Amino acid sequence: QHKDAYQAILDGVKGDAKEKRLAAQFIPKFFKHFPELADSAINAQLDLCEDEDVSIRRQAIKELPQFATGDNLPRVADILTQLLQSDDSAEFNLVNNALLSIFKMDAKGTLGGLFSQILQGEDIVRERAIKFLSTKLKTLPEEVMTKEVEEFILTESKKVLEDVTGEEFVLFMKILSGLKSLQTVSGRQQLVELVAEQADLEQTFNPSDPDCVDRLLQCTRQAVPLFSKNVHSTKFVTYFCEHVLPNLSTLTTPVEGLDIQLEVLKLLAEMSSFCGDMEKLESNLRKLFDKLLEYMPLPPEEAENGENAGSEEPKLQFSYVECLLYSFHQLGRKLPDFLTAKLNAEKLKDFKIRLQYFARGLQVYIRQLRLALQGKTGEALKTEENKIKVVALKITNNINVLIKDLFHIPPSYKSTVTLSWKPVQKADASQKRASEDTTSSSPPKKSSAGPKRDARQIYNPPSGKYSSNLGSFSYEQRGGFRGGRGRGWGGRGNRSRGRIY
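Please read these numbers as outputs of a predicted model, since none were measured by experiment.

*Asks:* It is not clear to me how helix α18 (residues 345-373) should be interpreted in this structure. Could you clarify?
*Replies:* Owing to its 3.6 residues per turn, the α-helix brings residues three or four apart onto one side. Over its 29 residues, α18 runs 41 Å from end to end, which matches the ideal 42 Å to within 8%, given 1.5 Å per residue. A positive phi of about 75° marks Gly375, the residue just after α18.

*Asks:* How do you make sense of the pattern of salt bridges when you look at a structure like this?
*Replies:* Pairs can form between side chains of opposite charge once their charged atoms are near each other. By the definition in use, this model includes 19 salt bridges. Residue Asp87 is joined to Arg128 by a salt bridge in which the shortest nitrogen-to-oxygen separation is 3.0 Å. On the criterion of sequence distance, the pair formed by Asp87 in the loop between α5 (72-83) and α6 (89-105) and Arg128 in helix α8 (residues 123-136) is long-range, its members being 41 residues apart. Given the relative accessible area of 7%, Arg128 is considered buried.

*Asks:* Would you explain the packing of aromatic side chains in this entry?
*Replies:* The geometry of two aromatic rings is summed up by the distance between their centres and the angle between their planes. The full count for this structure, using the stated rule, is 15 aromatic pairs. With a centroid separation of 5.8 Å and 65° between ring planes, the pair formed by Phe227 and Phe236 is classed as edge-to-face. As far as the burial class goes, Phe227 and Phe236 line up, both buried. Residues Phe289 and Phe338 carry aromatic rings whose centres are separated by 5.8 Å and whose planes lie at 70° to one another, so their mutual orientation is edge-to-face.

*Asks:* Looking at this model, I keep getting lost on the packing of helix α7 (residues 107-120) against helix α9 (residues 147-160). Mind explaining?
*Replies:* In helix packing, the relevant descriptors are the interaxial angle and the interaxial distance, both defined with respect to the helix axes. Running from amino to carboxyl end, α7 crosses α9 at an angle of 10°, the nearest separation of the two axes being 11 Å. Here α9 runs roughly parallel to α7, going by the angle between their axes. For the pair α7 and α9, contact is made by Ala107, Lys108, Leu111, Gly112, Phe115, Ile118 and Leu119 and by Glu148, Val149, Phe152, Ile153, Glu156, Ser157, Lys159 and Val160, respectively. A breakdown of the residues in the contact of α7 with α9 according to their chemical character gives 9 nonpolar, 2 polar and 4 charged.

*Asks:* Before we go on, may I ask you to explain the nonpolar core in this structure?
*Replies:* In summary, soluble globular proteins display a tendency toward joint burial of nonpolar side chains. Counting 148 residues, the largest nonpolar core has Ile27, Leu80, Phe236, Phe328 and Leu339 as its most contacted members. It is α18 that contributes the most residues to this core, 11 residues altogether. Once residues within four sequence positions are removed from consideration, Leu339 is found in contact with Phe289, Phe328, Leu348, Phe351, Leu406, Pro411 and Tyr413.

*Asks:* Please clarify how the packing of helix α14 (residues 260-272) against helix α16 (residues 318-332) should be interpreted in this entry.
*Replies:* At a minimum axis separation of 9 Å, α14 and α16 run at an interaxial angle of 30°. Relative to α16, the element α14 lies roughly parallel. The two elements α14 and α16 cross, and the hand of that crossing is left-handed. Where α14 abuts α16, its residues Gln261, Leu262, Leu265, Lys266, Leu268, Ala269 and Ser272 lie against Ser319, Tyr320, Cys323, Leu324, Tyr326, Ser327, Gln330 and Leu331. In terms of residue class, the contact of α14 with α16 is built from 9 nonpolar, 5 polar and 1 charged.

Rules behind the numbers
- Residues numbered from 1 in each chain as written.
- Predicted model: local features only at pLDDT ≥ 70, side-chain atom pairs only at ≥ 80, totals over all residues.
- Heavy atoms only, no water.
- Helix = DSSP H or I, 4+ residues; strand = E, 2+ residues; numbered from the N terminus.
- Expected span 1.5 Å × (residues − 1).
- Salt bridge = Lys/Arg side-chain N within 4 Å of Asp/Glu carboxyl O.
- Buried < 20%, exposed > 50% of the residue type's maximum accessible area, 1.4 Å probe, protein only.
- Phe/Tyr/Trp six-rings, centres within 6.5 Å; stacked < 30°, edge-to-face > 60°.
- Axes fitted to C-alpha atoms, helices over the stretch in contact; angles between N-to-C directions.
- Parallel < 35°, antiparallel > 145°, perpendicular 65-115°, else oblique.
- Contact = heavy atoms within 4.5 Å.
- Nonpolar A, V, L, I, M, F, W, Y, C, P; charged D, E, K, R; others polar.
- Core = buried A, V, L, I, M, F, W, Y, C linked by side-chain atoms within 4.5 Å.
- Left-handed = near helix turned anticlockwise from the far one by under 90°.

Structure (structure tokens):
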């Protein structure tokens with residue numbers, strides 16, 4: 001008798017708007033009493049979730065968590081994940097809330113539904129499911145995010161990472177690096193290995209392929225924050241020295257307005273502090289040294305009358321030199337007799353002349369910069385021109401300290417400097433928190449790939465006098481990875497389309 005009454009409620013989904021509204025409320029209310037009609041009940045509620053009337057859809061979605069019992073939960077999670085494609089903001093919020101509520105009932109079952117759609121669903125569903133994980137997981141309490149649940153996320157993420165776009169990879173790194181179980185040294189090491197696998201450091205490097213270069217940079221950016229004195233950057237530093245530095249001048253990038261050479265040198269400098277024991281240390285140090293020489297010009301020859309014979313003095317590229325000198329200084333510590341025992345006397349003498357010439361030009365700029373910034377405080381230092389001068393002063397001071405070290409007999413590697421673009425720790429932490437706390441409740445709009453970093457200035461004045469005409473570029477990655485890229489970074493193949501409830 002009751003079964004017939006419930007069946008009548010299920011049939012209400014074929015009725016008019018009033019009947020559908022009542023069905024949307026009563027189907028979930030009595031669902032648990034009729035296990036033999038479970039499939040019919042879920043399918044009936046799904047029909048209401050796709051109704052033309054938005055108020056009926058919202059009511060049906062709101063009640064979906066009531067169906068998430070026992071074996072039905074992964075299916076409900078799968079359905080809710082597909083419903084993330086809604087462009088109605090109220091509907092989208094209801095789906096988010098429903099997913100979060102079943103997460104608290106059974107996190108693994110909910111993740112099973114989310115990951116099945118990430119692996120097999122339509123592109124828009126995949127994109128939003130990944131976005132959901134990257135913004136919502138960190139809001140869940142510890143009793144939900146148990147060690148077992150985190151292990152499940154890592155296992156499933158590895159499956160997804162076999163075939164991702166650049167933008168998706170960045171989001172998954174955000175998800176994984178936020179997991180409590182991966183905050184340990186061994187956890188960070190695992191993440192570095194994952195990134196190294198994505199970067200495909202075994203492959204031959206092709207400097208003329210913008211996607212190949214872009215992929216390496218995107219992966220390296222994800223690895224840099226993971227390195228520490230216990231988690232070494234050796235594999236990446238070795239790859240940069242052996243494959244990237246020799247091809248520095250031929251690098252190409254799909255990112256408009258990016259100084260790709262400086263970008264590479266900055267990443268190398270940041271990684272060099274955490275390099276462990278390197279197999280071919282002398283050979284790689286020599287590659288680094290040779291590249292440094294390219295940016296450390298010899299003084300122009302003087303004519304008999306004491307004037308420069310050449311038409312103009314060489315350009316001093318301070319931003320490049322800071323990176324190369326810092327990397328050389330860091331790796332040089334591991335082989336302190338490189339300059340004295342591994343170079344012949346002629347080469348060492350040539351290097352000292354270059355250092356001396358560079359140091360002279362440096363002193364001039366440091367004086368001019370200090371003079372230009374003298375007495376300026378607060379608001380005055382916030383103008384674009386003065387901001388660039390402040391960065392320029394940091395760069396030139398850093399180079400000055402490192403050159404002094406190398407002038408010691410024997411050369412010393414004891415001084416420590418903070419790279420000019422590294423933000424002050426305190427401000428960095430608060431900015432990071434602020435950016436992580438802002439999560440939108442409306443349907444996500446497609447954003448540019450890559451982590452947002454502080455805008456970094458390049459300081460490269462022409463020789464002779466201080467010039468404020470300095471280029472600058474944003475560290476933010478734009479455009480992401482494009483086109484088919486072979487294993488792991490291309491289009492993800494044809495996944496099934498349509499409703500797969």
